[in-house]
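Geometric and topological summary
Below, each chain spelled out in residue letters.
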Amino acid sequence: MWKTAGPAMRGTFARLVLAVAMLVTLDAATPVVAQEAPAPAAEQRHYNVLFIIADDLNTRIGPYGSSVQTPNLDRLAASAVTFQRAYTQFPWCGPSRASFLTGTRPDTTGVIDLYTPFRRRLPDIVTLPQYFREHGYFSGRIGKIFHQGVPDQIGTSGPDDPQSWTEVVNPRGRDVDAQQAGQLVNMTPGIPFGSAQAYYADDGPENEQTDGMVATAAIEMLRANRDRPFFIGVGFYRPHVPEVAPQRYFDMYPVDQMQVADETPETLANVLDVAKSWTPDNFGMTDDEQRTMISAYSAATSYMDTQVGRVLDELDRLGLAENTIVVFTSDHGFLLGEHGQWMKTTLFEQATRVPLIIRAPGVSQAGQMSPRTVELLDLYPTLLDLAGLPVNTRNEGLSLSSLLSDPDDPRWHKPALSQIAGGRSVRTERYRYTEWQNGERGRELYEYASDPLEHHNLADDPRYAGVVELMRAMLPPAPAERRADPIHYSRERGCLMRPAGVPDNPQTRSIFCPVIDD
């Protein structure tokens, strides 16, 4: 692994290993040394890559013990390694995808919003699919791989990276038509679609929805390129809001059987305001409204799983499974009422933790779960390693090859770093430590063995002062940006309250509540 890291990564990694080595005295169960992973054998090299990514998917899927029905992901996990503790570097679509697709951290890409192109700061960076393309592979994209706005940019390339691809397909289905026809049920009127808690149970053909069309296009692309090396990225749009899925998937999740997040007025009162993306808690939704959205999220997840199954079935039918590395993941998680939030742009576990399943023929241990802490950043060097391609020294992650062959590898230890504007967080197997504006606006420490729901902030507990000191040493060295206050939603008025410093002008007037004269 060490040899696969670039110079910048080696310095950062050395600091992390030193800090973790000190932390082990406080947590004897945590492995502390990362050593070089064995390279795949020669006959295991030069595989195709099928890279499948869902949008806004947390770990509420079968391989992670959820009751949400995902039989196709269950089937994939039975032949692959599932990573129990995998984390995004930035829990927001654009920055996350810019990070793992360039193999660099958000402080390197300079992307902390949905609008900044990563090539503004990194004009000559070679992206993951571009690297495969430059080494003789067909490189294809269907749907959302780099950032696209959902739902408004569905059917377009959005801010894509054309040089990464040999061919692109941008499906657009009846789910988009449902929005434009005003059929969506919106629990949070006044919040723009893409963030609004909205859903629709569709009664039309399943394969006419965008994700069904993504799967159909992926099947066609696999057939057309079966006889040459390929890197094919299959980007599904669900379960990103609005939650649109066929009616039969909603029927699988009766609203009255859904469980709201395990929060109380006391636990919600303990959440730091600076850690929230939105107020009020739960957008002011009732428990029944929350159950409705949990049902809708589950329905969209199961629908997406069906489409994954169609693609995997075709891979098998074409005889490509034994020569293709399969990755399934998401760009970040999503909170469904935990800490009162219904969004991703926080640094809590449900937003930063992602599903990650990797099947590498001849390497991965079938049906195994790895408890080691890993990052989406590690995907780029992992896929080069498994495919037998030369190391890209600009990668800031490490290959996961050793964990595919030995999921419990005691030599592995690398904490996961996540950030959003104004916040920096580090996750080990036992703890998470977060600072807001370098600690000026608050800090958090959670110990997961005793507090898996992050209800007890230990940052100011003197008994954990040593842990805080060591965890702080693992944070990225770059200073955090200013942390904006949470966006306030006025449920009574059905609009967003204008944050301080945002002027009233024609561009913002349609977004925020009208100014009321005193």
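Residues numbered from 1 in each chain as written. Predicted model: local features only at pLDDT ≥ 70, side-chain atom pairs only at ≥ 80, totals over all residues. Heavy atoms only, no water.

What follows covers the nonpolar core. Leu50, Ile52, Ile232, Val234, Phe236 and Phe328 are the most contacted members of the largest nonpolar core, which has 63 residues in total. Elements that contribute at least two residues to this core include exactly β1 (48–54), α2 (71–77), β3 (138–143), α7 (210–224), β7 (230–235), α8 (247–251), α10 (287–317) and β10 (324–330). With 11 residues, the top contributor of residues to this core is α10. If sequence neighbours within four positions are ignored, Val234 has contacts with Leu50, Phe51, Ile52, Ile53, Ile142, Ile145, Val214 and Ala218. If you look at the next biggest cluster of nonpolar residues, it comprises 44 residues, including Tyr137, Val327, Val354 and Leu389. (Core = buried A, V, L, I, M, F, W, Y, C linked by side-chain atoms within 4.5 Å. Buried < 20%, exposed > 50% of the residue type's maximum accessible area, 1.4 Å probe, protein only. Helix = DSSP H or I, 4+ residues; strand = E, 2+ residues; numbered from the N terminus. Contact = heavy atoms within 4.5 Å.)

Another point: the confidence of the model for the chain. Confidence along the chain averages 91 in pLDDT terms, with 91% of residues attaining 70 or more. For residues 1–15, every residue scores under 50 in pLDDT, and the model assigns this stretch 36 contacts once sequence neighbours within four places are set aside. Low pLDDT (under 50) marks residues 17–22, which in the prediction has 11 contacts with non-local residues, meaning those over four places away or in another chain. (pLDDT = per-residue confidence, 0-100.)

The topology assignment puts Leu312 in helix α10. Judged by its relative accessible area of 4%, Leu312 is buried. Expressed as a C-alpha distance, the spacing of Leu312 and Ala98, which sit 214 residues apart in the sequence, is 26 Å. Excluding its chain neighbours within four sequence positions, the residues that come into contact with Leu312 are Leu50, Ile52, Asn72, Arg75, Leu76 and Val326.

This part covers helix α12 (residues 379–387). Burial analysis of α12 places nine of its nine residues in the buried class, which makes it a mostly covered element. Looking one or two residues past α12, Gly388 carries a phi angle of roughly 75 degrees, positive in sign.

Summed over all chains, the structure comprises 12 aromatic pairs. Measuring from ring centre to ring centre gives 4.9 Å for Phe132 and Tyr137, while their planes differ by 85 degrees; the resulting arrangement is edge-to-face. Accessibility assignment for this pair places Phe132 and Tyr137 in one class, buried. Between the aromatic rings of Tyr297 and Phe334, the centroid separation amounts to 5.8 Å while the plane-to-plane angle is 20 degrees, which identifies the pairing as stacked. Of this pair, Tyr297 sits in helix α10 while Phe334 sits in the loop between β10 and α11 (349–352), and the two are 37 residues apart along the sequence. With respect to burial, Tyr297 and Phe334 carry one shared label: buried. By the ring-pair criterion, three or more aromatic residues cluster together here, those being Phe51, Phe100, Phe132, Tyr137 and Phe231. Across the ring face of Tyr448, the terminal group of Arg427 is positioned such that the distance to the ring centre comes to 3.8 Å. (Phe/Tyr/Trp six-rings, centres within 6.5 Å; stacked < 30°, edge-to-face > 60°. Lys NZ or Arg CZ within 6 Å of the ring centre and 35° of its normal.)

This part takes up unusual backbone geometry. Put simply, Val150 and Pro151 share a cis peptide bond, and its omega is 10 degrees. Cis geometry marks the peptide bond from Arg238 to Pro239; its omega dihedral reads 10 degrees. Tracing the chain through its elements places Pro239 in the loop between β7 and β8 (243–246). The phi torsion at Phe283 lies on the positive side, around 55 degrees, for a residue other than glycine. Judged by its relative accessible area of 1%, Phe283 falls in the buried class. For Glu454, which is not glycine, the phi dihedral falls at a positive 60 degrees. One can find Glu454 in the loop between β17 (443–447) and α14 (465–472).

With that settled, the discussion passes to the pattern of salt bridges. For the coordinates displayed, the defined rule picks out 37 salt bridges. A salt bridge links Arg317 to Glu314; its shortest N-O distance comes to 2.8 Å. Taken together, the residues Arg317 and Glu314, both in helix α10 and three residues apart, mark about one turn of the helix. Three or more residues joined by partner-sharing salt bridges are found here, namely Asp55, Arg97, Lys144 and Asp331. (Salt bridge = Lys/Arg side-chain N within 4 Å of Asp/Glu carboxyl O.)

The description of two helices packed together rests on the angle between their axes and the distance between the axes. One way to put it is that α7 packs onto α10 with a least axis distance of 9 Å and a crossing angle of 10 degrees. Compared by their axis directions, α7 and α10 come out roughly parallel. Taking contact as the criterion, the partners of Asp211, Gly212, Ala215, Thr216, Ala218, Ile219, Leu222 and Arg223 in α7 are, on α10, Tyr303, Met304, Gln307, Arg310, Val311, Glu314, Leu315 and Arg317. Residues that form the contact of α7 with α10 fall into these classes: eight nonpolar, three polar and five charged. (Axes fitted to C-alpha atoms, helices over the stretch in contact; angles between N-to-C directions. Parallel < 35°, antiparallel > 145°, perpendicular 65-115°, else oblique. Nonpolar A, V, L, I, M, F, W, Y, C, P; charged D, E, K, R; others polar.)

Within the secondary structure, Leu356 is located in strand β12 (residues 356–359). Between the alpha carbons of Leu356 and Asp152 there is a distance of 27 Å; along the sequence they are 204 residues apart.

Now for the side chain of Asp305. Among the secondary structure elements, Asp305 is positioned in helix α10. No salt bridge is formed by the buried Asp305; the nearest opposite charge belongs to Arg75, separated by 7.5 Å. Among the polar contacts listed, one links the side chain of Asp305 to the side chain of Asn72, at a separation of 3.0 Å. (Lys, Arg positive; Asp, Glu negative; His and termini not counted. Polar contact = N/O pair within 3.5 Å; in protein donor to acceptor, adjacent residues only side chain to side chain.)

Mapped onto the elements, Gln179 comes out in helix α6 (residues 174–180). What makes Gln179 buried here is its relative accessible area of 18%.

Bringing the sheet that holds strand β19 (residues 495–496) into the picture now. Across the sheet, which stays open at both edges, the three strands sit in the order β9-β18-β19 with mixed pairing between neighbours. Sheet topology places β9 (278–279) and β19 at the edges, where each strand pairs with a single neighbour. Here two bridges tie β9 to strand β18 (residues 487–490), and the two strands are oriented parallel to one another. When the sheet's bridge partners are listed, Trp278 is paired in β18 with Ile487. (Pairing = 2+ DSSP bridges.)

Moving on, we get to the sheet that holds strand β16 (residues 431–436). Spatially, four strands are ordered β14-β15-β16-β17 in an open sheet, and the strand pairing comes out antiparallel. The strands lining the two open edges of the sheet, one partner per strand, are β14 (416–420) and β17. On average, adjacent strands in this sheet sit at an angle of 10 degrees to one another, irrespective of strand direction. Here β14 runs beside strand β15 (residues 423–427); their pairing, made up of five bridges, is antiparallel. Across the sheet, residue Ala416 finds its bridge partner in β15, namely Arg427. Running at roughly 70 degrees to β16, α14 makes contact with β15, β16 and β17 of the sheet.

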